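The residues making up each chain are set out below.
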Amino acid sequence: MYSKTLPFDREFVEKLTEQFPTPFYLYDEKTLRRHARLFTESFAWNIGFKEFFAVKANPNPELLQILKTESLGADCSSFPELLLCERVGINGEDIMFTSNNTPATEFIKAKELGAIINLDDLTHLEFLDYHAGLPDLISFRWNPGALRDIESVIGNPVEAKYGLTTNQIFEGFALAKQKGIKRFGLHTMVASNMLQDEFFRYTAKTVFELASEIEQRIGIRVEFVNLGGGFGVAYRPEQTPLNMKRVAEMIHEEYDRLITANNPAPLKIFTESGRWVAAESGTLITRVIHEKNIYKRYIGVDACMAHLMRPGMYGAYHHITVLGKSENSGFPVETVDVVGSLCENCDKFAVDRALPKIELGDILAIHDAGAHGYAMGFQYNGKLRCAELLLQENGTVRMIRRAETPDDYFATLNLK
Ligand SMILES: *Cc1c(COP(=O)(O)O)cnc(C)c1O
């Protein structure tokens, strides 16, 4: 069993709440940098390797800035995400634009920034040409379709709206070559939150094989393969975390076998992880404001599903620590539901969770909320988004996004 630790204690957080009312997100810069470095170090064997942080997982520009100093690029899929990168100074081929069902304005902005454009459909080549003109470099997203070997693990890519079929991939590269495009990349992403390392070997193998076949059949050189995101996080303490070093070694073995042995030209490996890079660095801090005993015992906190949607939306597990009452420290344990205040019964951070006995005023830390946490927040029921704080490497805390006020809620209206 892996235990879940936190880089702060109750006293530290109590002090913070005097300045910043709960709920808020608290990010740990050290953890974020450690993950970014582990990624690049693990793939150091591949000349030109780059991890493009999936901005959708956490679009806070201060965090993007930190990741930029760790030489990560950014993976974008919307106009505002592109603007964020521009503001932070992430430009050109440090941006991967992996979008789908893309509006013309977004292609135009991506082209203007010199981003690597990763097309999600065969028709997007003409669409891009018409609206923005073609760049020198183009990438296509491959949907492998039926994958009998691993379908039980990842679901059926035939049901996924993304990417080109295998036949279309060949057609796409042939057309791109004919249109005078000079540089080419290949992308795929078929799974999410994957903790089985063999899955990444399998993905790399199939993409390396396809890249070689494209080169032979179309007579072009594939400059990079983008393995997408999907690197999993062990949200439950009993899960085994993904060993990034091991994953990179497995991909290295396939690379030596399929690329180095046949093709003297180097092939760059790119990734687009959001979750693995950022999840563990973020914690949602919330205070217990009510307890309610009916058919079950409910612990009511001041955060709700509008601040962290994953548990309510997917039944996702997020570990919860009652600050100051560490597990196995002899506190009596009780089984509770931890709930927010939305008028939706799915607004629960935990169901039937065994936790040290909770009292009003206790502070709960909801772990691994740094990716797809704040980012998926919403204002349903008039719930306003909370603040984001950064625990910096020097031990001090800085607010990196203020909490919303009712003025923000009314900002888009013309209320007299
Ligand atoms: C969501 C997404 C990612 C990031 O996924 P994680 O699970 O956060 O690693 C990367 N690429 C694309 C195209 C995505 O849609």
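Our subject is the structure listed above.
Right, let's walk through the structure included here. (Residues numbered from 1 in each chain as written. Predicted model: local features only at pLDDT ≥ 70, side-chain atom pairs only at ≥ 80, totals over all residues. Heavy atoms only, no water.)

Below, the discussion takes up the site of the ligand. Around the ligand lies a shell of 13 residues, among which K56, G230, E272, R275 and H372 are the nearest. Contact distances for the ligand include 3.4 Å between a nitrogen atom and a side-chain N or O atom of D75. E272 is positioned with one of its side-chain polar atoms (N or O) 2.6 Å from a nitrogen atom of the ligand. In isolation the ligand exposes 390 Å². Once the protein is present, 89% of that is buried. Of the residues that constitute the shell around the ligand, the class distribution is 2 nonpolar, 6 polar and 5 charged. (Near = heavy atom within 4 Å. Polar contact = N/O pair within 3.5 Å; in protein donor to acceptor, adjacent residues only side chain to side chain. Areas by Shrake-Rupley, 256 points an atom, 1.4 Å probe, with all protein chains shown as cover. Nonpolar A, V, L, I, M, F, W, Y, C, P; charged D, E, K, R; others polar.)

Reading around the barrel, the 8 strands line up as 2-3-4-5-6-7-8-9 and close back on themselves, with parallel pairing between neighbours. Strand-to-strand, the axes of this sheet are offset by a mean angle of 25°, without reference to chain direction. In terms of strand pairing, strand 7 (residues 183-187) meets strand 8 (residues 222-226) through 4 bridges, oriented parallel. Bridged to F184 within strand 8 is V222. Across the sheet, helix 9 (residues 197-218) is in contact with strand 7, strand 8 and strand 9 (268-271); its angle to strand 8 comes to roughly 155°. (Pairing = 2+ DSSP bridges. Helix = DSSP H or I, 4+ residues; strand = E, 2+ residues; numbered from the N terminus. Axes fitted to C-alpha atoms, helices over the stretch in contact; angles between N-to-C directions. Contact = heavy atoms within 4.5 Å.)

Here we come to the packing of helix 4 (residues 79-88) against helix 5 (residues 104-113). Across the interface, helix 4 lies against helix 5 with an axial gap of 9 Å and an inter-helix angle of 20°. Regarding the angle of helix 4 to helix 5, the classification is roughly parallel. Considering how the two elements wind past one another, helix 4 and helix 5 form a crossing that is left-handed. Note on element contacts: helix 5 touches helix 4 through T105, E106, K109, A110, E112 and L113, opposite F79, L82, L83 and E86. Grouping the amino acids of the contact of helix 4 with helix 5 by side-chain chemistry returns 5 nonpolar, 1 polar and 4 charged. (Parallel < 35°, antiparallel > 145°, perpendicular 65-115°, else oblique. Left-handed = near helix turned anticlockwise from the far one by under 90°.)

A cis amide bond, omega -5°, links T22 with the succeeding residue P23. Within the element layout of this structure, P23 appears in the loop between helix 1 (10-19) and strand 1 (24-28). Of note, N101 is a non-glycine position whose phi angle comes to about 50°, a positive value. Locating N101 in the fold gives a position in the loop between strand 4 (95-98) and helix 5. A positive phi angle is found at N381, which is not glycine, with a value near 65°. The topology assignment puts N381 in the loop between strand 15 (363-366) and strand 16 (387-391). Residue N381 is classed as partly exposed on the basis of its relative accessible area, which comes to 34%. (Buried < 20%, exposed > 50% of the residue type's maximum accessible area, 1.4 Å probe, protein only.)

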